[in-house]
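Secondary and tertiary structure notes
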Amino acid sequence: LSGARYAHAEATADWLKGLGLLKNPREFTALISSAGRSRRWRDALAMLQQIDGSISVITYGAVISACEKGSAWPQALHVLVEMRSSCVEPNTMCFNSLISAFAKAALWQHASLAIAELKHRHLEPSTVTFNATAGACARAARWEESLAM
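Residues numbered from 1 in each chain as written. Predicted model: local features only at pLDDT ≥ 70, side-chain atom pairs only at ≥ 80, totals over all residues. Heavy atoms only, no water.

Taking 1.5 Å as the rise per residue, helix α6 (residues 92–104) with 13 residues should run 18 Å; its terminal C-alpha atoms sit 18 Å apart, in good agreement. Burial within α6 is extensive, with 11 of its 13 residues counted as buried. Burial in α6 covers these residues: Thr92, Cys94, Phe95, Asn96, Ser97, Leu98, Ile99, Ser100, Ala101, Phe102 and Ala103. Of the surrounding elements, those touching the buried residues of α6 are α4 (57–69), α5 (73–85), α7 (108–120) and α8 (127–139). Immediately beyond the C-terminal end of α6, within one or two residues, lies Ala106, with a positive phi of roughly 60°. (Helix = DSSP H or I, 4+ residues; strand = E, 2+ residues; numbered from the N terminus. Expected span 1.5 Å × (residues − 1). Buried < 20%, exposed > 50% of the residue type's maximum accessible area, 1.4 Å probe, protein only. Contact = heavy atoms within 4.5 Å.)

Right under this line is the structure:
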């Protein structure tokens, strides 16, 4: 959503929440995803805190993706850690967003550790996983390391 559309969606969500109608985590996930597309990672994090009840891997993934789009790798990492403390297992898409956030910051070592963690959890790396990790290595002028993955 564009900035204006997101602002309208956010105002509508506030109104619905005030009426007690915005309770479903899936509804929050849709709003978090739109915040991410607008690079409003702070709003995505704030919405995550407003969810009552259990939070799905999809919702956490949407927040990590919003942080990645906003180049907020420390926050993306924090959300992944929060998932674990909430007993929600991250999936490959969560790791892909985290690795992409590391890539934007040229943190090739962080990306390498994240891909190792993904494999340790017996998750299957995807093309996105390898491309993001290679991108992190390239941005840090460490292309040789990308060949080892």
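It is worth spelling out the environment of Leu98 at this point. Tracing the backbone through its elements, the reader meets Leu98 in helix α6. Residue Leu98 is classed as buried on the basis of its relative accessible area of 2%. Spatially, the C-alpha atom of Leu98 lies 9.4 Å from that of Pro74, the residues being 24 residues apart in sequence. When residues no more than four places from it in sequence are discounted, the contact partners of Leu98 are Ile64, Trp73, Ala76, Leu77, Leu80 and Ala114.

Right, let's talk about helix α2 (residues 25–37) for a bit. Compared with an ideal rise of 1.5 Å per residue, which puts 13 residues at 18 Å, α2 spans 18 Å between its outermost C-alpha atoms and is within 8% of the ideal. Every buried residue of α2 is listed here: Phe28, Thr29, Leu31, Ile32, Ser34, Ala35 and Gly36.

By volume, the largest pocket amounts to about 200 Å³. In terms of lining, the largest pocket is formed by 14 residues, of which the most central are Ile58, Gly61, Ala62, Ser65 and Met93. For the lining of the largest pocket, the elements supplying multiple residues, two or more each, are α2, α4 and α6. With seven residues, α4 is the largest single contributor of residues to the lining of the largest pocket. Within the lining of the largest pocket, the residues separate by chemical class into six nonpolar, six polar and two charged. (1 Å grid on protein atoms, 1.4 Å probe; cavity = no way out; pocket = protein on both sides within 12 Å on 5 of 7 lines; lining within 4 Å. Points joined across faces, edges and corners; volume = space filled by probe spheres on them. Nonpolar A, V, L, I, M, F, W, Y, C, P; charged D, E, K, R; others polar.)

Where α2 meets α4, the closest approach of the two axes is 8 Å, and the angle between their N-to-C directions is 15°. By the angle between their directions, the pair α2 and α4 is classed as roughly parallel. Note on packing geometry: the crossing formed by α2 with α4 is left-handed. Listed contacts from α4 to Pro25, Thr29, Ile32, Ser33, Gly36 and Arg37 of α2 are Ile58, Thr59, Ala62, Val63, Ala66 and Lys69. (Axes fitted to C-alpha atoms, helices over the stretch in contact; angles between N-to-C directions. Parallel < 35°, antiparallel > 145°, perpendicular 65-115°, else oblique. Left-handed = near helix turned anticlockwise from the far one by under 90°.)

Once that is clear, we can look at the environment of Glu27. Here Glu27 shows up in helix α2. Looking at Glu27, the relative accessible area reads 36%, which means it is partly exposed. Sequence separation of Glu27 and Ile51 is 24 residues, and the distance between their C-alpha atoms is 9.8 Å.

Scanning the model with the defined rule gives five salt bridges in all. Here Asp43 and Arg40 are joined by a salt bridge, their closest N and O atoms 2.5 Å apart. Classification of Asp43 as buried rests on a relative accessible area of 18%. The salt bridge partner of Glu68 is Lys104, with a shortest N-O separation of 3.0 Å. A residue pair is termed long-range when its members are at least 10 positions apart, and Glu68 in helix α4 and Lys104 in helix α6 qualify at 36 residues. On the basis of relative accessible area, Lys104 is assigned to the partly exposed category, the value being 39%. Salt bridges sharing common partners tie together Arg84, Glu89, Glu117 and Arg121. (Salt bridge = Lys/Arg side-chain N within 4 Å of Asp/Glu carboxyl O.)

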